[in-house]
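Descriptive analysis of the structure
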Amino acid sequence: MIRDNLPALQIVVPLVTAPLLILLRRRGLVTAFVLLATWITFGISLALLHQVLTDGPFAYALGGWAAPWGIEYRVDLLSGFVLVLVSGIGAFVCTYSPLSVALEVPYRTYGSFYAMFMLCLTGLLGITITGDMFNVFVFLEVSALSSYVLISMGSDRRALPAAYRYLIMGTIGATFILIGVGLLYMMTGTLNMADMAGRLDSVEHTRTVIAAFGFLTVGIALKMALFPLHLWLPNAYAYSPSVVSAFIAATSTKVSVYLLIRVFLTVFGVEYAFRDMPLVYVVMPLALIGIVSGSLVAVFQNNVKRMLAYSSIAQVGYMVLGISMASVTGLTGGIVHLFNHGLMKGALFLAMGAIFYRAGSVHIDDLKGIGKRMPVTTAVFVVGGLGLIGVPLTVGFISKWYLVSAALQQGLWWVALIILFSSLLALIYVWRVVEVAYFEAPPEGREAVDEVPLSMLVPMSALAAATVVFGINTEFTAGVARAAAEMLLGVGG
Amino acid sequence: MDFAAAVEQYPALTSFLGRYNYWVVIVLMMTGFYIVIARDNMLKKLIGLNIFQTSVFLLYISMGKVQGGTAPILKEGFSVYANPLPSVLILTAIVVGIATTSVGLALVVRIYDAYGTVEADDVDERDEVP
């Protein structure tokens, strides 16, 4: 019974938890419920991925209404993989969060903060699991509206305009997606992705479908902060509460990248998206500009969270670059980087949250000597930073390895050079923090800070450890990513 | 000669007028979009966003219209029905739009409390001074 309904439970558990949290007034109860719900959600996603790996992809008819009329949840390798990432980050971040949230968020909003958090998780999981185009839009807005609220809860007042700007740009993006879905529905008469893919063949060269393709591309690009549509991202990441930065940076843009893969490759098909449309000439240059400019701007940031945010723009560039090469190796690189970057950025932002918890600032000048005061936190930051650079034995190396070899396979040696150049820039901005943290004496007249409590150390160290484990043993991540890429491109298995 | 017959002599004009609902959609969409981009006042931006979203509601609703079709209720004597699905979909989107507007307005109230202005440029300016 439970096993059969796992796909629905994946969404229902966090969704039902959200209103409960507002009703529960006591902090301890709220925390207990959040932890329970997020870990159950994580468990469900692992079970779903296991089921896909053993039995192959499967569909779930919501409410018993058969597709294409009813809403269908579809779990295949790619969505199972992203579900594990999102719910896993959710569980780790939640385990870390209570102390940090208690410090940064006003007492009376504790319950509603977590309610928003659960809704955001619901939305992101929903986008990933659903097989229905309109359902994507609904879940997109569920996650987006809750993340606007979450971001605005930051203790700095600049969080407010940041959330407002995200609201404006996010809504434009979502509305573009809505227009695209509407135009596709107009031409195919269906909203089910698999059904739509089948019916698009006969009408794919009409102007309506081409317009739909354009609207969807721009809308999703806005959501995932692809250069030059990234303007909402830096402040939103920099000024939101630490826990929110960690969760959103590690999951939100990744889910949008997932959606891009889904729409391009499942709905439109690789032939249409990459051969018939001039997408390669638009998306690949934008991804490359994003990679270089994001890293370049990150070098000059003094607010470390803002620096990580710009680095995220560059990392989204890597993922899109991998997708735009439309080869198995490239797509594997994109998907594996989606997963790896989620782990790295989660660990990095959690480390920053820990530093903010103790030092009350994430400005680079306030990090002087922090390496001696908070050795574990700084070590987590260094491990995550090494991943961003792409040092061997970290996950960052694996993704860059795939991306560079995909570029070389197609003779795009200059793309490989740009990836290496951006890695050098990453070395510079990570080094700036490392230098300050380890080699400068703590400023005089400031209170000495201690290491954060164990409840924060463990989840963040676990994420950092995961970036090393998956950097050494790539069987799971790269294996699943490659199988997913082969499935999407319709070759091999 | 009445108007309809006069128009029919010009095929380009007929095809233009025959899609007038879509023209309304485009005009509204661009109006809203322009307001979002060009206005500095955060409240006006939200109103522009609303107009922008409303145009999409119209796009969906006119999509479901079948010429000569009745409301989709089973009744003897009627065989042509309008497609109810787009209207139902857009009902969801309207709710989403309302939620977006209310969150946006709440944010503007908070921004006014924190900054004493709702002009985007002024807000940016006030943050530059450390």
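The coordinates are above.
Structure report, in brief. (Residues numbered from 1 in each chain as written. Chains lettered and ligands numbered in written order. Predicted model: local features only at pLDDT ≥ 70, side-chain atom pairs only at ≥ 80, totals over all residues.)

Assigned secondary structure in chain B consists of six helices and zero strands. On C-alpha atoms alone, chain B measures out to a radius of gyration of 21 Å, which is more than a quarter above the 14 Å that the 2.2 N^0.38 rule sets for 130 residues. Its C-alpha atoms put chain B at 70 × 40 × 15 Å along the principal axes. When each of the 130 residues of chain B is scored for burial, the buried share is 23%. Summarising the internal contacts of chain B: among those between residues at least 6 apart in sequence, 40% fall at separations of at least 24. (Helix = DSSP H or I, 4+ residues; strand = E, 2+ residues; numbered from the N terminus. Rg over C-alpha atoms; globule rule 2.2 N^0.38 Å. Buried ≥ 20, exposed ≤ 12 C-beta atoms within 10 Å, placed from the backbone. Contact = placed C-beta atoms within 7 Å.)

Turning our eyes to something else, we now look at the overall build of chain A. Each helix and strand in chain A was counted, giving 20 helices and two strands. Relative to the globule expectation of 23 Å for 493 residues, the C-alpha radius of gyration of chain A, 21 Å, shows essentially globular dimensions. Dimensions of chain A along its principal axes, counting C-alpha atoms only, are 75 × 55 × 40 Å. Each of the 493 residues in chain A was classed as buried or not, and the buried ones make up 63%. Put simply, 79% of the contacts in chain A that link residues at least 6 apart link residues at least 24 apart.

Another aspect to go through is the packing of helix α13 (residues 304-324) of chain A against helix α18 (residues 413-439) of chain A. Residues and elements named next belong to chain A. Between α13 and α18, whose axes approach to 11 Å, the crossing angle comes to 165 degrees. When the axis of α13 is compared with that of α18, the two are roughly antiparallel. Considering only the axes of α13 and α18, their crossing is left-handed. Facing α13, whose interface residues are V304, M307, S311 and A314, α18 presents S422, A426, Y429 and V433. (Axes fitted to C-alpha atoms, helices over the stretch in contact; angles between N-to-C directions. Parallel < 35°, antiparallel > 145°, perpendicular 65-115°, else oblique. Left-handed = near helix turned anticlockwise from the far one by under 90°.)

A common way to express how large an interface is: the accessible area buried when the components associate. Each side of the interface is counted separately: chain B has 24 residues, and chain A has 22 residues. Elements with a contribution of two residues or more to the side of chain B that touches chain A: α4 (42-64), α5 (85-115) and α6 (120-128) of chain B. The element that contributes the greatest number of residues to the side of chain B that touches chain A is α5(B), accounting for twelve residues. Class assignment of the residues belonging to the side of chain B that touches chain A gives a composition of 17 nonpolar, four polar and three charged. (Nonpolar A, V, L, I, M, F, W, Y, C, P; charged D, E, K, R; others polar.)

This next bit is on the pairing of strand β2 (residues 72-75) of chain A. Residues and elements named next belong to chain A. Burial of the side chains of β2 extends over both faces: E72 and R74 are buried on one face and Y73 and V75 on the other. Where strand β1 (residues 58-61) lies against β2, four bridges are found, and the strand directions are antiparallel. Paired with F58 across the two strands is V75, which belongs to β2. (Pairing = 2+ DSSP bridges.)

The next point concerns unusual backbone geometry. One can expect most non-glycine residues to show negative phi and most peptide bonds to be in trans. All names here are of chain A. Omega for the peptide link from F227 to P228 comes to 0 degrees, which places this bond in the cis form. With respect to the element layout, P228 can be found in the loop between α8 (207-224) and α9 (233-239). For L393, which is not a glycine, the phi torsion comes out positive at approximately 75 degrees. One can find L393 in the loop between α16 (375-389) and α17 (395-409).

What follows concerns helix α12 (residues 279-299) of chain A. All names here are of chain A. Here α12 is 21 residues long and its end C-alpha atoms lie 30 Å apart, about the 30 Å a rise of 1.5 Å per residue gives. Restricting attention to buried positions, one finds in α12 the residues L279, V283, A287, L288, G290, I291, G294, S295 and A298. Along the axis of α12, the buried residues cluster in a sector spanning 150 degrees; they form a single face. Considering only its buried residues, α12 is in contact with α11 (270-276), α13 and α18. (Expected span 1.5 Å × (residues − 1). Arc of directions from axis to C-beta.)

All right, on to the nonpolar core then. Counting 221 residues, the largest nonpolar core has A:F81, A:A163, A:A347, A:A351, A:M460 and A:A484 as the members making the most contacts within it. Apart from residues lying up to four places away in sequence, A:F81 is in contact with A:L49, A:F339, A:V480 and A:A484. (Core = buried A, V, L, I, M, F, W, Y, C linked by C-beta atoms within 7 Å.)

Time to look at the environment of A:L48. All names here are of chain A. Within the element layout of this structure, L48 appears in helix α2 (residues 27-55). Along the sequence, L48 and M277 sit 229 residues apart, while their C-alpha atoms lie 35 Å from each other. If sequence neighbours within four positions are ignored, L48 has contacts with L6, P7, Q10, V75, G80 and L83.

Before going further, it helps to spend a moment on the packing of helix α14 (residues 328-359) of chain A against helix α19 (residues 454-472) of chain A. Residues and elements named next belong to chain A. Between α14 and α19, the shortest axis-to-axis distance is 9 Å and the interhelical angle comes to 150 degrees. Taken together, the axes of α14 and α19 are roughly antiparallel relative to one another. Between α14 and α19 lies a crossing whose hand is left-handed. Of the residues in α19, those in contact with N340, L343, M344, G346, A347, L350, A351 and A354 of α14 are M456, P459, M460, L463, A464, A466, T467 and F470. Taken together, the residues of the contact of α14 with α19 sort by class into 13 nonpolar, three polar and no charged.

Residues and elements named next belong to chain A. Helix length check: α19 (19 residues) gives 26 Å between terminal C-alpha atoms against 27 Å at 1.5 Å per residue, within 8%. By the burial criterion, the buried members of α19 are M456, P459, M460, L463, A464, A466, T467, F470 and G471. Taken around the axis of α19, the buried residues stretch over an arc of 140 degrees, which confines them to a single face. Exposed residues on α19 whose side chains face more than 90 degrees from its buried face are L454 and I472. The elements touched by buried residues of α19 are α3 (77-104), α14, α16, α17 and α20 (475-489).

All quantities given are derived from atomic positions and should not be read as evidence of function.
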